[in-house]
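Letter by letter, the chains look like this.
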Amino acid sequence: MYKIVIDSCGELPEDLKKDGHYQNVSLELEVDGYCIRDDETFDQKDFLRRVKESVTGPKSACPSPDEYMKSYEGDADHVYVVTLSGRLSGSYNSAELGKNLFEEEHPGEKKIYVFNSRSASIGETLIGMKVQECEEAGMSFEEVVETTEKYISSMNTFFVLETLETLRKNGRLTNLKAFIANTLNIKPVMGSTEEGSICQLGQARGMNKALDKMIQNVIAKTKNSENRVLAISHCNCPERARAVKEKLEKLAKFKKIIITDTAGVSTMYANDGGVIIAV
């Protein structure tokens, strides 16, 4: 028996929600004192409205070690945990602390491993799917961990945002840079570093050109695409996500391409119209 625990930044498509092996641990979001739990009750439309009206912008809080401890309970003797990049959130440290506390209270009861995704959003989902693929193939716990860690090292995450307002309000971008970008309609193409930080890969005038540039980066950085699953997460822009999928399919063959809408934490950063790709 195995279980895959993913913090709520990792979106679970409907088929995985029904799978029975997956469990989300929720982060908390806050906009001007109003608290929102990032679970099935999350209302994207209402959240985007609140963010737009907010002067200070939204904040997020990672799950407590205690919440992670609770998620490790149950019949599964193998528990795999996938968290937001340790460079972007305290979720990884919280999950590790929860693991240590659980093992102190229940020595030898089960094997638990926490993966630092070095990614976010749909990147976490792909890692969970890789764990499941390995488990279903009959690998040992140690083999699953080793194979999945190798997979994480080979992954890349990319994104293009419609607006930089949330990053500006969060202090991750200077006011001047955000102002210039918004005034000139410049859309930066962002990506993940090997350590799991965020870097700028390029920029373009207008959303369509920026998405094309992101697609070029995806194709250039993805080796053996026919053996890889690519995932697209979008914030309230399904047509845009489908258009990106169609362009990718014309340029390369992938094992599978999945599309999903962003959950709470990813909605907070992607903001209305943002598109994230992980492969």
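Located above this text is the structure these notes cover.
Source: prediction; values computed, not measured.

**Overview of the environment of A137**
Then comes step 1: Within the fold, A137 resides in the loop between α5 (122-136) and α6 (141-154).
Then comes step 2: On the accessibility criterion, A137 (59% relative accessible area) is exposed.
Then comes step 3: Considering only alpha carbons, one finds A137 and N93, 44 residues apart in sequence, at a separation of 29 Å.

**Concerning the sheet that holds strand β4 (residues 34-37)**
Then comes step 1: Ordered by their spatial adjacency, 3 strands build an open sheet running β4-β3-β5, and the pairing between neighbours is antiparallel. Of all the strands in the sheet, the pair left with one neighbour each is β4 and β5 (58-61). Across the sheet, the axes of successive neighbouring strands diverge by a mean angle of 25°, strand direction being ignored.
Then comes step 2: Two elements, strand β3 (residues 28-31) and β4, share 4 bridges in a ladder whose sense is antiparallel. If you follow E30 over to β4, its bridge partner there is C35.

**Points about the sheet that holds strand β2 (residues 22-25)**
Then comes step 1: Strands sit in the order β2-β1-β6-β7 across an open sheet of 4 strands; the sheet is parallel. In the strand order of this sheet, the two ends are held by β2 and β7 (111-116), each with one partner. The average undirected angle you get between the axes of adjacent strands in this sheet is 20°.
Then comes step 2: Alignment of strand β1 (residues 2-7) against strand β6 (residues 78-83), held across 5 bridges, turns out to be parallel. Among the inter-strand pairings, V5 is bridged to a residue of β6, identified as V81.
Then comes step 3: The sheet strands contacting α6 are β6 and β7, and the helix crosses β7 at an angle near 0°.

**Here we look at the packing of α5 against α6**
Then comes step 1: Where α5 contacts α6, the axes come no closer than 9 Å and their chain directions differ by 145°. Between α5 and α6 lies a crossing whose hand is right-handed. Contacts from L126, I127, K130, V131, C134 and E135 in α5 reach V144, T147, T148, Y151 and I152 in α6.
Then comes step 2: Of the residues that constitute the contact of α5 with α6, the class distribution is 7 nonpolar, 2 polar and 2 charged.

**Description of the nonpolar core**
Then comes step 1: If you look at the biggest cluster of nonpolar residues, it comprises 25 residues, and the most contacted ones within it are Y22, Y80, F115, L126 and M129.
Then comes step 2: Of all the elements in the fold, those that place two or more residues in this core are β1, β6, α5, α6 and β11 (229-234).
Then comes step 3: Looking at this core, the element that brings in the most residues is α5, giving 6 residues.
Then comes step 4: When sequence neighbours within four positions are dropped, the list of residues in contact with Y22 reads I4, I6, L12, L16, G128, M129 and Q132.

**Comments concerning the environment of T125**
Then comes step 1: For T125, the position within the fold is in helix α5.
Then comes step 2: The spatial distance from the C-alpha of T125 to the C-alpha of E11 is 6.2 Å, given a sequence separation of 114 residues.
Then comes step 3: Discounting residues that sit within four places of it in the chain, T125 has contacts with I6, G10, E11, P13 and L16.

**Describing the pattern of salt bridges**
When the charged atoms of two side chains with opposite charge come close together, those side chains can pair.
Then comes step 1: One pass over the structure, following the stated rule, counts 17 salt bridges.
Then comes step 2: Linking E14 and K17 is a salt bridge whose minimum nitrogen-to-oxygen distance equals 3.3 Å. With E14 and K17 both in helix α1 (residues 14-17) and 3 residues apart, the pair spans about one turn of that helix.
Then comes step 3: Classification of E14 by relative accessible area gives partly exposed; the value is 47%.
Then comes step 4: Several salt bridges converge on common partners, so that one network encompasses E28, R37, D39 and E67.

Rules and cut-offs
Residues numbered from 1 in each chain as written. Predicted model: local features only at pLDDT ≥ 70, side-chain atom pairs only at ≥ 80, totals over all residues. Heavy atoms only, no water. Helix = DSSP H or I, 4+ residues; strand = E, 2+ residues; numbered from the N terminus. Buried < 20%, exposed > 50% of the residue type's maximum accessible area, 1.4 Å probe, protein only. Pairing = 2+ DSSP bridges. Axes fitted to C-alpha atoms, helices over the stretch in contact; angles between N-to-C directions. Contact = heavy atoms within 4.5 Å. Left-handed = near helix turned anticlockwise from the far one by under 90°. Nonpolar A, V, L, I, M, F, W, Y, C, P; charged D, E, K, R; others polar. Core = buried A, V, L, I, M, F, W, Y, C linked by side-chain atoms within 4.5 Å. Salt bridge = Lys/Arg side-chain N within 4 Å of Asp/Glu carboxyl O.

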